[in-house]
Amino acid sequence: MTNRGLAMLRTWLFLSVVLYCVLSQEMEETITFTQCTDGYEFDPARQQCRDINECAIVTDACKGGMKCVNHYGGYLCLPKTAQITINNGDEPSQPAQTGPIVPPVVPTRRPPPPTRRPPQVAARRTHCNTGFAPDEQNYCRDVNECEVSNPCQHQCYNLLGSFMCQCDQGYELNRDRVTCQDIDECSFPNYMCQYQCVNEPGRYSCVCPDGYQLQGTRMCQDINECETRTDNCREDEMCWNYYGGFRCYPRNLCQEPYIRTSENRCVCPSGNPVCRAVAHSIVYKYMSIPSDRSIPADVFQIQATNIYANTINTFRIKSGNEGGEFFLRQSSNVSAMLVLTKPVSGPREYIVDLEMITVNTVLNYRSSSLLRLTIIVGPYPF
(Lines give C-alpha, C1' and ligand atoms only; values in the text may rest on other atoms or scores of the structure.)
Protein backbone atom coordinates (compact mmCIF):
# COMPACT_ATOMS: atom_id res chain seq x y z
CA MET A 1 0.00 0.00 0.00
CA THR A 2 1.29 3.41 -0.82
CA ASN A 3 1.91 6.10 1.75
CA ARG A 4 -1.08 8.03 0.50
CA GLY A 5 -3.44 5.09 0.94
CA LEU A 6 -2.12 4.45 4.44
CA ALA A 7 -2.79 8.03 5.45
CA MET A 8 -6.37 7.90 4.16
CA LEU A 9 -7.00 4.69 6.10
CA ARG A 10 -5.76 6.30 9.33
CA THR A 11 -7.99 9.35 8.74
CA TRP A 12 -11.09 7.16 8.20
CA LEU A 13 -10.48 5.18 11.38
CA PHE A 14 -10.08 8.37 13.45
CA LEU A 15 -13.35 9.84 12.15
CA SER A 16 -15.18 6.58 12.87
CA VAL A 17 -14.05 6.54 16.51
CA VAL A 18 -15.01 10.19 17.03
CA LEU A 19 -18.46 9.68 15.48
CA TYR A 20 -19.05 6.57 17.64
CA CYS A 21 -18.22 8.47 20.84
CA VAL A 22 -20.51 11.37 19.92
CA LEU A 23 -23.43 9.11 19.12
CA SER A 24 -22.91 7.09 22.27
CA GLN A 25 -22.94 10.25 24.44
CA GLU A 26 -26.19 11.51 22.88
CA MET A 27 -27.86 8.18 23.46
CA GLU A 28 -26.88 8.16 27.08
CA GLU A 29 -28.34 11.64 27.59
CA THR A 30 -31.72 10.96 25.94
CA ILE A 31 -32.48 7.54 27.44
CA THR A 32 -33.71 7.87 31.05
CA PHE A 33 -35.71 5.49 33.34
CA THR A 34 -38.51 7.13 35.40
CA GLN A 35 -41.08 5.37 37.72
CA CYS A 36 -44.25 7.11 38.99
CA THR A 37 -46.52 6.25 41.93
CA ASP A 38 -49.86 4.46 41.49
CA GLY A 39 -52.40 6.56 39.62
CA TYR A 40 -49.73 8.50 37.70
CA GLU A 41 -47.84 7.94 34.43
CA PHE A 42 -44.69 9.54 33.07
CA ASP A 43 -45.09 12.27 30.48
CA PRO A 44 -41.98 12.13 28.29
CA ALA A 45 -42.83 15.42 26.66
CA ARG A 46 -42.89 17.32 29.97
CA GLN A 47 -40.47 14.96 31.64
CA GLN A 48 -42.77 14.60 34.70
CA CYS A 49 -45.47 12.34 36.23
CA ARG A 50 -49.05 13.17 35.30
CA ASP A 51 -52.37 11.95 36.75
CA ILE A 52 -54.20 9.12 35.02
CA ASN A 53 -57.88 9.89 34.32
CA GLU A 54 -59.39 6.53 35.27
CA CYS A 55 -62.91 7.83 34.59
CA ALA A 56 -61.96 8.20 30.93
CA ILE A 57 -60.10 4.94 30.41
CA VAL A 58 -61.83 2.50 32.80
CA THR A 59 -65.15 1.23 31.48
CA ASP A 60 -67.94 1.24 34.13
CA ALA A 61 -65.54 2.40 36.84
CA CYS A 62 -68.54 3.16 39.12
CA LYS A 63 -71.60 0.93 39.52
CA GLY A 64 -75.13 1.46 40.80
CA GLY A 65 -75.77 4.78 39.12
CA MET A 66 -72.80 6.48 40.79
CA LYS A 67 -70.79 9.08 38.95
CA CYS A 68 -67.03 8.83 38.50
CA VAL A 69 -64.95 11.81 39.63
CA ASN A 70 -61.25 11.81 38.75
CA HIS A 71 -58.87 12.70 41.56
CA TYR A 72 -55.12 12.96 42.00
CA GLY A 73 -53.76 9.43 41.93
CA GLY A 74 -57.19 7.81 41.75
CA TYR A 75 -60.91 8.40 41.36
CA LEU A 76 -64.09 8.60 43.47
CA CYS A 77 -67.53 7.02 43.02
CA LEU A 78 -70.14 9.46 44.36
CA PRO A 79 -73.89 10.02 44.02
CA LYS A 80 -74.85 12.20 41.11
CA THR A 81 -76.16 14.90 43.47
CA ALA A 82 -72.97 15.02 45.58
CA GLN A 83 -71.07 18.28 45.96
CA ILE A 84 -67.29 17.88 45.98
CA THR A 85 -64.91 20.19 47.81
CA ILE A 86 -61.18 20.05 47.10
CA ASN A 87 -58.80 21.23 49.83
CA ASN A 88 -55.04 20.72 49.71
CA GLY A 89 -54.61 22.04 53.26
CA ASP A 90 -53.14 25.40 52.24
CA GLU A 91 -55.86 27.13 50.23
CA PRO A 92 -59.52 27.84 51.04
CA SER A 93 -61.93 25.10 50.02
CA GLN A 94 -63.95 25.65 46.87
CA PRO A 95 -66.64 23.53 45.22
CA ALA A 96 -65.44 21.14 42.58
CA GLN A 97 -66.43 21.55 38.97
CA THR A 98 -69.06 19.32 37.58
CA GLY A 99 -66.78 18.34 34.69
CA PRO A 100 -63.47 16.51 34.84
CA ILE A 101 -61.07 17.73 37.47
CA VAL A 102 -58.16 19.59 35.88
CA PRO A 103 -54.92 19.04 37.81
CA PRO A 104 -52.95 22.14 38.75
CA VAL A 105 -50.23 23.34 36.42
CA VAL A 106 -46.96 21.68 37.33
CA PRO A 107 -43.68 23.57 36.83
CA THR A 108 -41.68 22.42 33.86
CA ARG A 109 -38.64 21.70 35.98
CA ARG A 110 -37.41 18.14 36.10
CA PRO A 111 -39.41 16.12 38.65
CA PRO A 112 -37.66 14.75 41.73
CA PRO A 113 -36.84 11.06 41.90
CA PRO A 114 -40.04 8.96 42.22
CA THR A 115 -41.06 7.67 45.64
CA ARG A 116 -43.53 5.11 46.99
CA ARG A 117 -44.49 7.14 50.05
CA PRO A 118 -48.25 7.81 50.40
CA PRO A 119 -49.47 11.35 49.86
CA GLN A 120 -49.13 13.53 52.95
CA VAL A 121 -52.46 14.37 54.61
CA ALA A 122 -52.84 17.47 56.68
CA ALA A 123 -53.13 16.60 60.36
CA ARG A 124 -56.61 17.12 61.81
CA ARG A 125 -58.43 16.27 65.05
CA THR A 126 -61.24 13.72 64.94
CA HIS A 127 -64.61 14.89 66.26
CA CYS A 128 -66.39 11.98 67.97
CA ASN A 129 -70.02 11.59 68.99
CA THR A 130 -71.10 11.87 72.59
CA GLY A 131 -69.78 8.95 74.62
CA PHE A 132 -66.68 8.52 72.42
CA ALA A 133 -63.24 10.16 72.43
CA PRO A 134 -60.26 10.01 70.02
CA ASP A 135 -57.36 7.78 71.05
CA GLU A 136 -53.62 8.07 70.22
CA GLN A 137 -54.29 6.90 66.67
CA ASN A 138 -57.11 9.44 66.23
CA TYR A 139 -59.81 6.71 66.29
CA CYS A 140 -63.04 7.18 68.25
CA ARG A 141 -63.14 4.88 71.25
CA ASP A 142 -65.93 4.32 73.80
CA VAL A 143 -65.58 6.32 77.00
CA ASN A 144 -66.19 4.28 80.18
CA GLU A 145 -68.10 6.91 82.11
CA CYS A 146 -68.38 4.58 85.12
CA GLU A 147 -64.60 4.65 85.55
CA VAL A 148 -63.96 8.21 84.47
CA SER A 149 -66.59 10.12 86.43
CA ASN A 150 -69.01 7.53 87.91
CA PRO A 151 -72.07 9.75 87.43
CA CYS A 152 -74.50 7.30 89.06
CA GLN A 153 -75.50 7.61 92.70
CA HIS A 154 -75.69 3.85 93.19
CA GLN A 155 -74.73 1.38 90.45
CA CYS A 156 -73.25 2.29 87.06
CA TYR A 157 -73.12 0.06 83.97
CA ASN A 158 -71.10 1.15 80.93
CA LEU A 159 -72.70 0.86 77.49
CA LEU A 160 -71.28 1.47 74.02
CA GLY A 161 -71.32 5.23 73.70
CA SER A 162 -73.31 5.71 76.88
CA PHE A 163 -73.98 4.36 80.38
CA MET A 164 -76.91 3.20 82.51
CA CYS A 165 -77.64 3.81 86.19
CA GLN A 166 -79.43 1.37 88.45
CA CYS A 167 -80.58 1.91 92.01
CA ASP A 168 -80.26 -0.42 94.96
CA GLN A 169 -83.27 -2.37 96.12
CA GLY A 170 -85.87 -0.11 97.67
CA TYR A 171 -84.89 2.88 95.50
CA GLU A 172 -85.88 4.14 92.06
CA LEU A 173 -84.29 6.49 89.55
CA ASN A 174 -85.17 10.17 89.55
CA ARG A 175 -86.01 12.01 86.36
CA ASP A 176 -82.34 12.87 85.85
CA ARG A 177 -81.71 9.09 85.45
CA VAL A 178 -78.58 9.24 87.63
CA THR A 179 -79.76 9.91 91.20
CA CYS A 180 -81.98 7.62 93.27
CA GLN A 181 -84.89 8.26 95.58
CA ASP A 182 -86.46 6.03 98.20
CA ILE A 183 -89.54 4.04 97.21
CA ASP A 184 -92.36 4.58 99.67
CA GLU A 185 -93.73 1.05 99.73
CA CYS A 186 -96.28 2.12 102.31
CA SER A 187 -98.02 4.28 99.70
CA PHE A 188 -98.95 1.12 97.81
CA PRO A 189 -102.24 -0.72 98.50
CA ASN A 190 -102.84 -2.35 101.86
CA TYR A 191 -101.60 -5.76 100.75
CA MET A 192 -98.06 -4.68 101.67
CA CYS A 193 -98.85 -5.09 105.37
CA GLN A 194 -101.88 -6.63 107.03
CA TYR A 195 -102.03 -3.93 109.70
CA GLN A 196 -99.52 -1.05 109.43
CA CYS A 197 -96.58 -0.28 107.17
CA VAL A 198 -93.53 1.67 108.33
CA ASN A 199 -91.39 3.13 105.52
CA GLU A 200 -87.61 3.28 105.97
CA PRO A 201 -84.79 4.35 103.63
CA GLY A 202 -84.50 1.61 101.04
CA ARG A 203 -86.91 -0.73 102.80
CA TYR A 204 -90.11 -1.04 104.80
CA SER A 205 -91.37 -3.07 107.74
CA CYS A 206 -94.75 -4.25 108.99
CA VAL A 207 -95.96 -3.91 112.55
CA CYS A 208 -98.91 -5.48 114.33
CA PRO A 209 -101.25 -4.06 116.99
CA ASP A 210 -101.26 -5.07 120.64
CA GLY A 211 -102.38 -8.65 121.11
CA TYR A 212 -100.83 -9.74 117.79
CA GLN A 213 -97.40 -10.82 116.66
CA LEU A 214 -95.81 -10.62 113.21
CA GLN A 215 -96.04 -13.86 111.27
CA GLY A 216 -93.58 -13.85 108.40
CA THR A 217 -93.07 -10.37 106.98
CA ARG A 218 -96.58 -8.94 106.64
CA MET A 219 -99.21 -11.08 108.41
CA CYS A 220 -100.39 -10.63 111.98
CA GLN A 221 -101.24 -13.57 114.23
CA ASP A 222 -103.23 -13.41 117.43
CA ILE A 223 -101.30 -14.01 120.64
CA ASN A 224 -103.05 -16.51 122.92
CA GLU A 225 -102.38 -14.89 126.27
CA CYS A 226 -104.19 -17.73 128.05
CA GLU A 227 -101.70 -20.30 126.72
CA THR A 228 -98.63 -18.16 127.19
CA ARG A 229 -99.73 -17.35 130.77
CA THR A 230 -99.49 -13.63 130.12
CA ASP A 231 -103.03 -13.00 131.39
CA ASN A 232 -103.88 -11.41 134.75
CA CYS A 233 -106.89 -13.57 135.67
CA ARG A 234 -107.45 -14.60 139.33
CA GLU A 235 -107.61 -18.16 140.60
CA ASP A 236 -111.43 -18.17 140.66
CA GLU A 237 -111.52 -16.86 137.09
CA MET A 238 -110.90 -18.56 133.81
CA CYS A 239 -109.05 -16.94 130.88
CA TRP A 240 -110.76 -16.77 127.53
CA ASN A 241 -108.69 -15.70 124.50
CA TYR A 242 -110.23 -13.78 121.63
CA TYR A 243 -108.86 -12.06 118.52
CA GLY A 244 -106.56 -9.33 119.80
CA GLY A 245 -106.89 -9.92 123.55
CA PHE A 246 -108.33 -11.97 126.40
CA ARG A 247 -111.02 -11.76 129.10
CA CYS A 248 -111.47 -13.22 132.53
CA TYR A 249 -114.78 -14.89 133.45
CA PRO A 250 -115.91 -16.45 136.76
CA ARG A 251 -115.35 -20.18 136.90
CA ASN A 252 -118.70 -20.71 138.61
CA LEU A 253 -121.46 -18.86 136.81
CA CYS A 254 -124.34 -20.68 138.45
CA GLN A 255 -126.77 -18.54 140.42
CA GLU A 256 -129.79 -19.49 142.54
CA PRO A 257 -131.74 -21.64 141.99
CA TYR A 258 -129.13 -23.27 139.71
CA ILE A 259 -126.32 -25.44 140.94
CA ARG A 260 -123.08 -26.32 139.17
CA THR A 261 -122.96 -29.88 137.89
CA SER A 262 -119.90 -29.62 135.59
CA GLU A 263 -117.67 -27.02 134.09
CA ASN A 264 -119.79 -24.33 132.42
CA ARG A 265 -123.06 -26.18 133.14
CA CYS A 266 -125.74 -25.26 135.65
CA VAL A 267 -128.91 -27.26 136.44
CA CYS A 268 -132.07 -26.26 138.25
CA PRO A 269 -133.20 -29.19 140.46
CA SER A 270 -136.57 -30.65 139.45
CA GLY A 271 -137.67 -30.81 143.10
CA ASN A 272 -137.47 -27.08 143.43
CA PRO A 273 -140.87 -25.51 142.55
CA VAL A 274 -139.12 -22.42 141.19
CA CYS A 275 -137.46 -24.52 138.51
CA ARG A 276 -140.77 -25.31 136.82
CA ALA A 277 -140.88 -21.81 135.26
CA VAL A 278 -137.30 -21.61 134.12
CA ALA A 279 -135.01 -23.55 131.82
CA HIS A 280 -133.94 -26.89 133.21
CA SER A 281 -130.24 -26.31 132.40
CA ILE A 282 -127.93 -23.50 131.29
CA VAL A 283 -124.68 -24.22 129.41
CA TYR A 284 -122.13 -21.39 129.00
CA LYS A 285 -120.10 -21.20 125.78
CA TYR A 286 -117.62 -18.64 124.44
CA MET A 287 -116.42 -17.84 120.97
CA SER A 288 -114.58 -15.09 119.09
CA ILE A 289 -114.97 -13.74 115.54
CA PRO A 290 -112.92 -11.08 113.72
CA SER A 291 -114.34 -7.69 112.97
CA ASP A 292 -116.19 -7.07 109.70
CA ARG A 293 -116.55 -10.74 108.89
CA SER A 294 -118.15 -11.48 105.54
CA ILE A 295 -121.83 -12.33 105.67
CA PRO A 296 -123.85 -14.47 105.75
CA ALA A 297 -121.67 -16.73 107.88
CA ASP A 298 -122.37 -19.81 109.98
CA VAL A 299 -120.84 -19.08 113.38
CA PHE A 300 -122.13 -21.64 115.87
CA GLN A 301 -124.04 -24.96 115.90
CA ILE A 302 -126.32 -26.01 118.75
CA GLN A 303 -127.16 -29.68 119.17
CA ALA A 304 -129.19 -31.77 121.61
CA THR A 305 -127.06 -34.01 123.84
CA ASN A 306 -129.84 -36.48 124.68
CA ILE A 307 -132.31 -37.95 122.19
CA TYR A 308 -135.59 -39.44 123.36
CA ALA A 309 -138.31 -41.20 121.46
CA ASN A 310 -141.54 -39.43 120.68
CA THR A 311 -139.98 -36.00 121.28
CA ILE A 312 -139.97 -32.90 119.14
CA ASN A 313 -137.21 -30.27 119.54
CA THR A 314 -137.51 -26.69 118.42
CA PHE A 315 -134.83 -24.00 118.55
CA ARG A 316 -135.07 -20.25 118.92
CA ILE A 317 -133.07 -17.13 119.89
CA LYS A 318 -134.52 -16.17 123.27
CA SER A 319 -132.51 -12.97 123.90
CA GLY A 320 -129.43 -11.01 122.80
CA ASN A 321 -130.50 -10.42 119.20
CA GLU A 322 -132.16 -7.06 119.54
CA GLY A 323 -130.24 -5.65 116.55
CA GLY A 324 -131.12 -8.59 114.32
CA GLU A 325 -127.48 -9.50 113.69
CA PHE A 326 -128.20 -13.26 113.98
CA PHE A 327 -130.57 -15.87 112.64
CA LEU A 328 -131.10 -19.44 113.93
CA ARG A 329 -131.58 -21.98 111.15
CA GLN A 330 -132.85 -25.39 112.33
CA SER A 331 -131.31 -28.13 110.23
CA SER A 332 -132.82 -31.22 111.95
CA ASN A 333 -134.85 -32.31 114.98
CA VAL A 334 -131.70 -32.25 117.12
CA SER A 335 -129.55 -29.39 115.77
CA ALA A 336 -129.62 -25.79 114.54
CA MET A 337 -127.08 -23.33 113.13
CA LEU A 338 -126.56 -19.73 114.29
CA VAL A 339 -125.98 -17.51 111.26
CA LEU A 340 -124.45 -14.02 111.24
CA THR A 341 -126.62 -11.92 108.95
CA LYS A 342 -125.23 -8.39 109.48
CA PRO A 343 -121.64 -7.10 109.57
CA VAL A 344 -120.42 -6.45 113.09
CA SER A 345 -117.39 -4.40 114.18
CA GLY A 346 -115.40 -4.74 117.37
CA PRO A 347 -114.37 -4.66 119.96
CA ARG A 348 -117.81 -5.77 121.09
CA GLU A 349 -119.43 -8.52 123.13
CA TYR A 350 -122.74 -10.26 122.38
CA ILE A 351 -124.48 -12.56 124.87
CA VAL A 352 -127.04 -14.60 122.95
CA ASP A 353 -129.38 -17.10 124.65
CA LEU A 354 -130.22 -20.04 122.39
CA GLU A 355 -133.16 -22.09 123.68
CA MET A 356 -134.07 -25.66 122.79
CA ILE A 357 -137.67 -26.60 123.68
CA THR A 358 -138.43 -30.31 123.99
CA VAL A 359 -142.00 -31.69 123.81
CA ASN A 360 -142.94 -35.34 124.40
CA THR A 361 -146.15 -36.04 122.51
CA VAL A 362 -146.86 -39.28 124.42
CA LEU A 363 -146.16 -38.24 127.98
CA ASN A 364 -147.36 -34.68 127.46
CA TYR A 365 -144.03 -33.46 128.77
CA ARG A 366 -142.40 -30.11 128.02
CA SER A 367 -138.98 -28.79 129.05
CA SER A 368 -136.35 -26.35 127.83
CA SER A 369 -132.58 -26.02 127.87
CA LEU A 370 -130.61 -22.82 127.44
CA LEU A 371 -127.23 -22.26 125.83
CA ARG A 372 -125.79 -18.88 126.78
CA LEU A 373 -123.32 -18.02 124.04
CA THR A 374 -120.86 -15.16 124.56
CA ILE A 375 -119.58 -13.86 121.22
CA ILE A 376 -116.57 -11.53 121.35
CA VAL A 377 -115.92 -9.48 118.20
CA GLY A 378 -112.22 -8.60 117.82
CA PRO A 379 -111.09 -5.06 117.03
CA TYR A 380 -109.53 -5.97 113.66
CA PRO A 381 -110.60 -8.02 110.63
CA PHE A 382 -107.84 -10.56 111.30
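On a predicted model such as this, the values are computed, not experimentally measured, just so you know.

Trainee: What exactly am I supposed to notice about the overall build of the chain here?
Mentor: Helix and strand counts for the chain come out as four helices and 27 strands. Scored against the burial criterion, the 382 residues of the chain give a buried share of 27%. Element-wise, carbon and sulfur atoms account for 52% of the exposed surface of the chain, whose accessible area totals about 27,000 Å².

Trainee: Is there a simple way to explain the nonpolar core in this structure?
Mentor: Side chains of nonpolar character tend, in soluble globular proteins, to be buried together. Counting 22 residues, the largest nonpolar core has Phe300, Leu338 and Ile375 as its most contacted members. The set of elements that each furnish at least two residues to this core consists of strand 21 (281-289), strand 22 (297-303), strand 24 (326-330), strand 25 (335-340), strand 26 (348-360) and strand 27 (365-377). Contact partners of Phe300, with chain neighbours within four places excluded, come to Lys285, Met287, Ala336, Met337, Leu338, Leu354, Leu371 and Leu373. If you look at the next biggest cluster of nonpolar residues, it comprises 14 residues, including Tyr258, Ile282, Tyr286 and Leu370.

Trainee: I'm lost on the state of the cysteines in this one. Help?
Mentor: Note on terminology: a disulfide is the covalent bond linking the sulfur atoms of two cysteines. Counting across every chain of the model gives 14 disulfides. Bridging Cys36 to Cys49, the disulfide has an S-S length of 2.0 Å. Across the S-S bond linking Cys36 and Cys49, the dihedral sits near -90°, which makes this disulfide left-handed. Of this pair, Cys36 sits in the loop between helix 1 (3-30) and strand 1 (40-43) while Cys49 sits in strand 2 (residues 48-51), and the two are 13 residues apart along the sequence.

Trainee: Would you mind showing me how to read unusual backbone geometry here?
Mentor: The omega torsion across Ile295 and Pro296 is -10°, close enough to zero to call that bond cis. Structurally, Pro296 is set in the loop between strand 21 and strand 22. Here Gly346 and Pro347 are connected by a cis peptide whose omega angle stands at 0°. As for its placement among the helices and strands, Pro347 is situated in the loop between strand 25 and strand 26. One non-glycine residue, Asn264, lies in the positive phi region at around 70°. Among the structural elements, Asn264 can be located in the loop between strand 19 (259-262) and strand 20 (265-267).

Trainee: How should I be thinking about a nonpolar patch on the surface in this particular structure?
Mentor: There is a patch of nonpolar side chains on the surface, built from Tyr157, Leu159 and Met164 and spanning about 260 Å² of accessible area. Within the secondary structure, Met164 sits in strand 10 (residues 162-166).

Trainee: Hey, could you run me through the pairing of strand 16 (residues 219-222) in this one?
Mentor: Residues in a regular strand project their side chains so that they alternate between the two faces of the sheet. Alternating residues of strand 16 divide into Cys220 and Asp222, all buried, and Met219 and Gln221, none buried. The sheet contact formed by strand 15 (residues 212-215) and strand 16 spans four bridges and is antiparallel. Considered in strand 16, the bridge of Tyr212 is made with Asp222.

Trainee: How should the packing of aromatic side chains be read in this particular structure?
Mentor: How two aromatic rings sit relative to each other is given by the distance of their centres and the angle of their planes. Per the counting criterion, the structure on display carries eight aromatic pairs. Note on Tyr212 and Phe382: the rings are 5.0 Å apart at their centroids and 65° apart in plane angle, and the pair reads as edge-to-face. Taken as a pair, Tyr212 in strand 15 and Phe382 in the segment after strand 27 lie far apart in primary sequence, 170 residues in all. Phe382 shares its class with Tyr212; the two are buried.

Trainee: Looking at this structure, I do not really get the sheet that holds strand 24. What am I missing?
Mentor: One key point about sheets: their strands pair by backbone hydrogen bonds, in either a parallel or an antiparallel sense. Taken in spatial order, the three strands line up as 22-25-24 in an open sheet, and their pairing is antiparallel. In this open sheet, the two edge strands, each paired with only one partner strand, are strand 22 and strand 24. Strand after strand, the sheet turns through a mean of 25° between neighbouring axes, direction not considered. Alignment of strand 22 against strand 25, held across six bridges, turns out to be antiparallel. Bridging from a neighbouring strand, Phe300 pairs with Leu338 of strand 25.

The rules behind the values
- Residues numbered from 1 in each chain as written.
- Predicted model: local features only at pLDDT ≥ 70, side-chain atom pairs only at ≥ 80, totals over all residues.
- Heavy atoms only, no water.
- Helix = DSSP H or I, 4+ residues; strand = E, 2+ residues; numbered from the N terminus.
- Buried < 20%, exposed > 50% of the residue type's maximum accessible area, 1.4 Å probe, protein only.
- Areas by Shrake-Rupley, 256 points an atom, 1.4 Å probe, with all protein chains shown as cover.
- Core = buried A, V, L, I, M, F, W, Y, C linked by side-chain atoms within 4.5 Å.
- Contact = heavy atoms within 4.5 Å.
- Disulfide = S-S within 2.5 Å.
- Patch = residues over 30% accessible without salt bridge, like charges linked within 9 Å, V, L, I, M, F, W, Y side chains within 5 Å.
- Salt bridge = Lys/Arg side-chain N within 4 Å of Asp/Glu carboxyl O.
- Pairing = 2+ DSSP bridges.
- Phe/Tyr/Trp six-rings, centres within 6.5 Å; stacked < 30°, edge-to-face > 60°.
- Axes fitted to C-alpha atoms, helices over the stretch in contact; angles between N-to-C directions.

The analysis is restricted to geometry; functional conclusions fall outside its scope.
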